[in-house]
Amino acid sequence: MPPIAVSTVMAMLALVLNVSRLNAQGNPDQPALSPRQQQIVVISALTAKGDLQRLPAALARGLEAGLTVSEIREVLVHLYAYCGFPRSIRGLQTFMATLDERKKRGVTDVAGNEATATTSGESKYERGKKTLETLTGQPQTGPARGYAAFSPEIDVFLKEHLFADIFGRDVLSYADRELTTIAVLSSLGGVEPMMQSHMGIGLRVGLTAPQLMQALDLIEVNVGKAEATAGRAVLAVVRGGVTAAISPTAPAKPDTLDRGERLPATHFTGAAWVRMLVPADSAFNVPVGQVTFEPGARTYWHTHAGGQVLLATDGVGYYQEKGKPVQVLRKGDAVKCPPNVPHWHGASPQSGFTQVAITPNTATGRTTWLQQVTEAEYNNLKE
Ligand code: MN
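What counts as what
- Residues numbered from 1 in each chain as written.
- Predicted model: local features only at pLDDT ≥ 70, side-chain atom pairs only at ≥ 80, totals over all residues.
- Heavy atoms only, no water.
- Donors = N, O, S within 2.8 Å, 3.2 Å for Na, K, Ca; no water.
- Buried < 20%, exposed > 50% of the residue type's maximum accessible area, 1.4 Å probe, protein only.
- Helix = DSSP H or I, 4+ residues; strand = E, 2+ residues; numbered from the N terminus.
- Contact = heavy atoms within 4.5 Å.
- Salt bridge = Lys/Arg side-chain N within 4 Å of Asp/Glu carboxyl O.
- Pairing = 2+ DSSP bridges.
- Axes fitted to C-alpha atoms, helices over the stretch in contact; angles between N-to-C directions.
- Parallel < 35°, antiparallel > 145°, perpendicular 65-115°, else oblique.
- Left-handed = near helix turned anticlockwise from the far one by under 90°.
- Nonpolar A, V, L, I, M, F, W, Y, C, P; charged D, E, K, R; others polar.
- pLDDT = per-residue confidence, 0-100.
- Core = buried A, V, L, I, M, F, W, Y, C linked by side-chain atoms within 4.5 Å.

A. Spotlight on the coordination of the manganese ion. Here the manganese ion is held by the protein donor atoms His302 (NE2), His304 (NE2), Gln308 (OE1), His343 (NE2) and His345 (NE2), which lie 2.2 Å from it. Within one chain, the residues serving as donors to the manganese ion are arranged as H-x1-H-x3-Q-x34-H-x1-H. We note that His343, like His345, is buried.

Have a look at this one:
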């Protein structure tokens with residue numbers, strides 16, 4: 001492992017899963033939840049409601065649908081942040097009994113991966129804040145407002161515990177975590193503002209509106225009509241483009257030039273935006289985003305676990321791999337960036353730059369962010 005914590009590792013936010021535009025239409029190539037995702041919804045809903053009669057069958061269907069033991073365990077652990085230890089622990093106990101029973105019948109279930117340990121030197125609060133920025137696509141700056149001002153401690157708990165400790169774990173993708181969260185929130189009911197935030201994030205991280213509709217159909221069957229109807233009303237608002245920031249400190253600011261979402265200062269120097277052209281999905285594993293850099297703007301150093309292809313579409317830009325000369329990119333140029341090679345890209349000082357970033361193989365891992373490209377580095381480039 002490089003000295004970068006998993007929790008500070010963010011998908012090339014920009015370019016990938018994390019900061020895709022609020023895409024209410026979703027990806028028509030991936031209209032349905034996979035069987036595995038459907039069972040994440042059902043397991044989450046039944047656990048949240050404490051429906052221990054029907055939970056064992058849902059857990060078994062989850063395993064049959066390809067969820068690993070560690071993935072289901074992670075769903076049940078994630079749930080506790082939303083429906084409390086009592087329900088979460090009952091879910092875990094039910095899962096243990098289900099696994100035992102299957103083992104006795106000679107069924108071998110796939111254990112799956114353990115969560116990668118975090119080695120970041122950053123404070124939990126900072127890590128949580130960055131995860132939240134990744135998920136919402138909005139910088140978490142400015143004074144606290146609303147409940148965060150009234151109760152600063154819950155703002156700390158939320159950032160440190162929910163977004164650093166729980167969302168920072170890598171067993172489940174952000175899309176899976178959002179599906180879990182949306183399922184539990186819609187099952188609980190009466191938490192529409194938070195559900196709206198998470199539906200917005202869900203669409204950002206690769207879920208589609210038809211998939212969320214399907215999740216609510218599963219809520220109707222497994223929990224009730226009233227809960228599903230309330231969820232559909234929230235989804236309609238989100239699809240209409242009315243989104244609520246999860247943080248009371250960060251109102252959404254749509255870009256008037258249609259450059260997409262402003263990219264956060266935590267990983268970009270200067271002003272840069274991403275507009276997702278092809279949102280991430282589990283079938284293709286290749287999100288495609290158009291990134292616009294103002295003159296002088298650039299990424300931090302970073303790596304992509306699955307590599308990246310950059311197509312220059314406008315202006316004059318730079319691309320540099322660690323220890324190599326900089327490459328100047330002009331309209332029509334293409335660059336292939338190999339997996340796990342530290343690099344940065346961005347605009348030249350005099351000209352803005354627009355690129356299309358194609359980030360394949362995202363199932364192999366996310367983008368790892370490294371240090372800033374310093375002024376000295378940027379001002380002393382050698383071709
Ligand atoms: Mn890159």
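What follows picks up the thread again.
B. View of the environment of Gln37. For Gln37, the location among the structural elements is in helix 1 (residues 35–49). Taking the C-alpha atoms as reference points, Gln37 and Thr180, 143 residues apart in sequence, are found 9.0 Å from one another. With sequence-adjacent residues up to four places away left out, Gln37 is seen in contact with Ala32, Asp176, Leu179, Leu207 and Gln211.

C. Layout of the pattern of salt bridges. Applying the stated criterion across every chain yields a total of 17 salt bridges. Residue Glu220 pairs with Arg232 through a salt bridge whose shortest N-O separation is 2.7 Å. On the criterion of sequence distance, the pair formed by Glu220 in helix 9 (residues 209–222) and Arg232 in helix 10 (residues 225–239) is long-range, its members being twelve residues apart. Across the pair Arg298 and Glu375 runs a salt bridge whose closest N-O atoms are separated by 2.8 Å. Of the two residues, Arg298 is situated in strand 5 (residues 298–299) and Glu375 in helix 11 (residues 375–379); the sequence distance between them amounts to 77 residues. Residue Glu375 is classed as partly exposed on the basis of its relative accessible area of 47%. One connected set of salt bridges, linked through shared partners, spans Asp217, Glu220, Lys225 and Arg232.

D. Looking closely at the pairing of strand 9 (residues 334–337). Only one face of strand 9 is buried: it carries Val335 and Cys337, and the other face, with Ala334 and Lys336, is open. Of the pairings in the sheet, the one linking strand 7 (residues 308–321) to strand 9 comprises four bridges and is antiparallel in character. Within strand 9, the residue paired with Val309 across the bridge is Lys336.

E. How the structure looks around the packing of helix 9 against helix 10. For the pair helix 9 and helix 10, interaxial distance at closest approach is 8 Å and the crossing angle is 165 degrees. As the angle between them shows, helix 9 and helix 10 are arranged roughly antiparallel. Along this stretch, helix 9 crosses helix 10, giving a crossing that reads as right-handed. Residues Ala209, Leu212, Met213, Leu216, Asp217, Ile219 and Glu220 of helix 9 pack against Lys225, Glu227, Ala228, Gly231, Arg232, Leu235 and Arg239 of helix 10. Each residue belonging to the contact of helix 9 with helix 10 can be placed in one class, and the counts come to seven nonpolar, one polar and six charged.

F. Structural view of the confidence of the model for the chain. Looking at the chain as a whole, the pLDDT averages 85, with 87% of positions reaching at least 70. Below pLDDT 50 for its whole length, residues 242–254 participates in 34 contacts with residues either more than four positions away or in separate chains.

G. Representation of the nonpolar core. Formed by 53 residues in total, the largest nonpolar core has its most connected members in Val41, Ile43, Ile72, Met199 and Leu212. With nine residues, the single largest contributor to this core is helix 3 (residues 69–104). In this structure Val41 touches Leu33, Leu179, Ala183, Ala215, Leu218 and Ile219, once residues within four positions along its chain are discounted.

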